[in-house]
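Here is how the chains run, residue by residue.
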Amino acid sequence: MAGDKPVTLAAVTGAHGVTGEVRLKLFGEGVEALKRYRAFNDDGCGGGLTLKKLRDDGKGGAIARFEEVPDRTAAEKLRGTALTVPRSAMPELEEDEYYHADLIGLRAVSTSGEDLGECVAVENFGAGDVLEIERPDGKRFMVPMKGAAVLEWDHERLLIEAVYAE
């Protein structure tokens with residue numbers, strides 16, 4: 001769908017210990033899903049991070065060591081760094097599945113033909129994903145990512161049931 005748009009899988013929350021390990025907040029399906037990848041943030045200019053070691057922290061996150069991070073000072077500098085991989089490196093999805101990165105940036109159109117704006121975020125407050133749509137005037141509204149509200153989507157647009165856009 002989204003070509004090589006970067007997909008964020010985790011973020012560095014801080015240093016762990018004195019030897020260069022970092023704590024990670026995971027956004028995917030856990031440590032095992034993250035282990036599929038060896039390189040993150042590869043910009044083609046040597047600015048990436050190469051995973052050397054990864055383990056579960058027992059609290060829903062992970063502890064990682066990267067080849068490019070030799071000590072705690074370097075690890076502390078990574079705080080806030082998002083770990084990304086190209087969308088093309090992600091596993092193929094089943095029908096009606098999506099990655100958040102595939103939806104963000106899509107135009108939203110209502111069933112009545114109105115241009116609703118652009119999907120700027122995908123949130124989940126516990127009851128399923130919710131799309132945040134920014135209207136052309138800058139105002140925002142939210143739509144549940146459910147079949148009754150989002151009738152279809154592809155690589156160009158989201159079709160939103162008009163009643164959810166009022």
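Residues numbered from 1 in each chain as written. Predicted model: local features only at pLDDT ≥ 70, side-chain atom pairs only at ≥ 80, totals over all residues. Heavy atoms only, no water.

### Comments concerning the overall build of the protein chain
Using the following cut-off: Strands are runs of DSSP state E lasting at least two residues, helices are runs of H or I lasting at least four, and both sets are numbered from the N terminus onward. For the exposure calls, accessible area comes from a 1.4 Å probe over protein chains only, and a residue counts as buried if that area is under 20% of its type's maximum, exposed if over 50%, partly exposed in between. The contact definition used throughout considers only heavy atoms, calling two residues in contact when any of these lie within 4.5 Å.
Broken down by element type, the protein chain carries three helices and twelve strands. Counting only C-alpha atoms and orienting by the principal axes, one finds that the protein chain spans roughly 60 × 30 × 30 Å. Buried residues in the protein chain amount to 40% of all 166 residues. Partitioning the intrachain contacts of the protein chain with sequence separation of at least 6 by distance along the chain shows that 47% fall at a separation of at least 24.

### Some thoughts on the pattern of salt bridges
To keep things clear, this is the line we draw: We count a salt bridge whenever a side-chain nitrogen from Lys or Arg sits within 4 Å of a carboxyl oxygen from Asp or Glu.
Scanning all chains against the criterion turns up twelve salt bridges. When the shortest N-O distance is used, the salt bridge between Arg 87 and Asp 102 registers 2.8 Å. Remark: Asp 102 occurs in helix H3 (residues 100–103) and Arg 87 occurs in the loop between strand E6 (82–86) and H3; sequence separation between them is 15 residues. Judged by relative accessible area, Asp 102 falls into the buried class, the value being 4%.

### Points about the sheet that holds strand E12 (residues 157–160)
The criterion, for reference: For two strands to pair, DSSP has to find at least two bridges joining them. Note on geometry: axes are lines fitted to C-alpha atoms, helical ones only across the stretch in contact, with angles between N-to-C directions running from 0 to 180 degrees.
Spatial strand order, E10-E9-E8-E7-E12-E11: six strands in an open sheet with mixed pairing. Strands with a single pairing partner mark the edges of an open sheet, and in this sheet they are strand E10 (140–144) and strand E11 (150–153). This sheet shows a mean twist of 35° between the axes of neighbouring strands, independent of strand direction. Relative to E10, strand E9 (residues 129–134) runs antiparallel, the two sharing five bridges. Pairing of Glu 132 across the sheet is with Met 142, part of E10.

### Observations concerning the environment of Leu 49
Within the secondary structure layout, Leu 49 lies in strand E4 (residues 49–56). Expressed as a C-alpha distance, the spacing of Leu 49 and Glu 97, which sit 48 residues apart in the sequence, is 28 Å.

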